[in-house]
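Spelled out from the first residue to the last, the chains are:
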Amino acid sequence: MRSSYSEQDVTLLLKDISGMVKPQPTEEREKLIQSGRHYSEMLPIEYVPTDRYMEIYEETLKIYSKPVAQAVGRLSDKIMQSRGADVALVSLARAGIPIGILIKRYLKYKYNADVAHYSISIIRGRGIDHNAMSFLLKNYRAEQLLFVDGWIGKGAILRELKKAVEGYEGVSSDIAVVADPANVTELCGTHEDLLIPSSCLNSTVSGLVSRTFFRSDIIGEKDFHGAVFYEELRHADLSYDFIRAIESEFTLSSDIPHIETEGQGIDEVKEIAEKYHIEDINFIKPGIGEATRVLLRRVPWKVLIDERYKDSRELSHLVRLAKEKEVSVEYYPLKHYKCCGIIRKLGDI
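Now for a quick tour of the structure. (Residues numbered from 1 in each chain as written. Predicted model: local features only at pLDDT ≥ 70, side-chain atom pairs only at ≥ 80, totals over all residues. Heavy atoms only, no water.)

### Focus: the overall build of the protein
Summing up its helical and strand segments, the protein has 9 helices and 14 strands in all. Each principal axis of the C-alpha atoms in the protein carries an extent, and together these give about 50 × 50 × 40 Å. Split into buried and exposed, the 349 residues of the protein put 57% on the buried side. Across the protein, every contact between residues at least 6 apart in sequence was considered, and the portion connecting residues at least 24 apart equals 81%. Total accessible area on the protein is roughly 15,400 Å²; 47% of this is exposed by carbon and sulfur atoms. Charge-centre separation for the protein: the mean point of 47 positive side chains lies 2 Å from the mean point of 53 negative side chains. (Helix = DSSP H or I, 4+ residues; strand = E, 2+ residues; numbered from the N terminus. Buried < 20%, exposed > 50% of the residue type's maximum accessible area, 1.4 Å probe, protein only. Contact = heavy atoms within 4.5 Å. Areas by Shrake-Rupley, 256 points an atom, 1.4 Å probe, with all protein chains shown as cover. Lys, Arg positive; Asp, Glu negative; His and termini not counted. Charge placed at Lys NZ, Arg CZ, Asp CG, Glu CD.)

### Some details on the pattern of salt bridges
The full count for this structure, using the stated rule, is 22 salt bridges. Among the ionic pairs, Arg 298 bridges to Glu 30, the shortest N-O distance being 2.7 Å. Of the two residues, Arg 298 is situated in the loop between helix H8 (288-297) and strand S12 (300-306) and Glu 30 in helix H1 (residues 26-34); the sequence distance between them amounts to 268 residues. On the basis of relative accessibility, which here comes to 2%, the residue Glu 30 falls in the buried class. Linked by salt bridges that have partners in common, Asp 9, Arg 105 and Glu 247 make up one network. (Salt bridge = Lys/Arg side-chain N within 4 Å of Asp/Glu carboxyl O.)

### Re the packing of helix H3 (residues 96-111) against helix H6 (residues 239-247)
Put simply, H3 and H6 touch, their axes get as near as 11 Å, and they point 40° apart. As far as their axial angle goes, H6 and H3 are oblique. Once H3 is placed against H6, the crossing between them reads as right-handed. Across from Pro 98, Ile 101, Leu 102 and Arg 105 in H3, the residues of H6 making contact are Tyr 240, Phe 242, Ile 243, Ile 246 and Glu 247. (Axes fitted to C-alpha atoms, helices over the stretch in contact; angles between N-to-C directions. Parallel < 35°, antiparallel > 145°, perpendicular 65-115°, else oblique. Left-handed = near helix turned anticlockwise from the far one by under 90°.)

### Concerning the pairing of strand S14 (residues 339-343)
The buried fraction of S14 is high, at 5 of 5 residues. Going residue by residue along S14, you find Cys 339, Gly 341 and Ile 343 tucked away on one face and Cys 340 and Ile 342 tucked away on the opposite face as well. When strand S11 (residues 284-286) meets S14, the two strands line up antiparallel, connected through 3 bridges. Paired with Lys 285 across the strands is Gly 341, a residue of S14. (Pairing = 2+ DSSP bridges.)

### Things to note about the packing of aromatic side chains
For any pair of aromatic rings, geometry is given as the distance between the ring centres together with the angle between the planes. Evaluation of the coordinates by the stated rule reveals 9 aromatic pairs. On the basis of an interplanar angle of 85° and a centroid distance of 5.0 Å, the ring pair of Tyr 106 and Phe 250 is categorised as edge-to-face. Placement of Tyr 106 in helix H3 and of Phe 250 in the loop between H6 and helix H7 (265-275) is noted, with a sequence separation of 144 residues between them. Since its relative accessible area comes to 8%, Phe 250 is described here as buried. What links up through ring pairs into an aromatic cluster is the set Tyr 118, Phe 135, Tyr 140 and Phe 224. Sitting over the ring of Tyr 276, Lys 275 keeps its end group 5.5 Å from the ring centre. The lysine or arginine in question, Lys 310, covers the ring of Tyr 331, its NZ or CZ lying 5.1 Å from the ring centre. (Phe/Tyr/Trp six-rings, centres within 6.5 Å; stacked < 30°, edge-to-face > 60°. Lys NZ or Arg CZ within 6 Å of the ring centre and 35° of its normal.)

Below you can see the structure in the form of structure tokens.
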């Protein structure tokens, strides 16, 4: 699979399906998803980010580069302590790819460890890419593999991963993430609801690679899951600008305040669902990263912001995006998250 990343940083175990799938606009995809079509059978149209979106991205990068770098350092320390330098990082495409690269680079920076890094696809409701797992298990011992992602919102992918690895003896369902506000794993940089700026953009900060795709007419029995390479967006590629911005803030000591929250984020999501009469909790996207993505990529209905962060600079991009899209912002007493995005049910329009 092609990408704008160097082969020294990551090997993508994906099938290049560029030119084989016609991308669809957001509202069209949303209608199909809400009528029962699986999201992995379609791809969105990806655009060069507008000047407005770039302002938001640059703003979040200034605010979050240092805390993200500290969280990557803390997570990398935990990986070294629990797995050692023999680990093989397996990032979940595509949000996990830049995080896997940052962990790989931090382990080299602090420990002079040169670890392997691959990326594979896992799809909610469809499972993990079996052919990619078979490839990895031919080349590495099961206990060497460590899954990597950006953050945990509700924990849906972690639950998918736990189900998926049951069929692979010796493979751990542990997942290393920068931020875990859902409070479901200790293998994280922080339990704070921390925005990873790469979540604000699509392929232009993810190696020019699409989200992963799985449809039987294009992905054969022996194929890896698919993805598209956006050659036409190369002039707008910020993938290494993001990596360098975080890497420039690396330090040998990762000083992160300890955050302890009772219970798990999924319980809070269920409370929100009950309060707002939302039948499908997949319409609720908790956390700064997920809420930002709802405003940028989906058809949003409402944004909830924790009362304690009403005038916070770190959430100003959300308030501005919501205002532009005429989406209501409600201040709500959240415990695990700083904010939450809720997708509009199109049947209600």
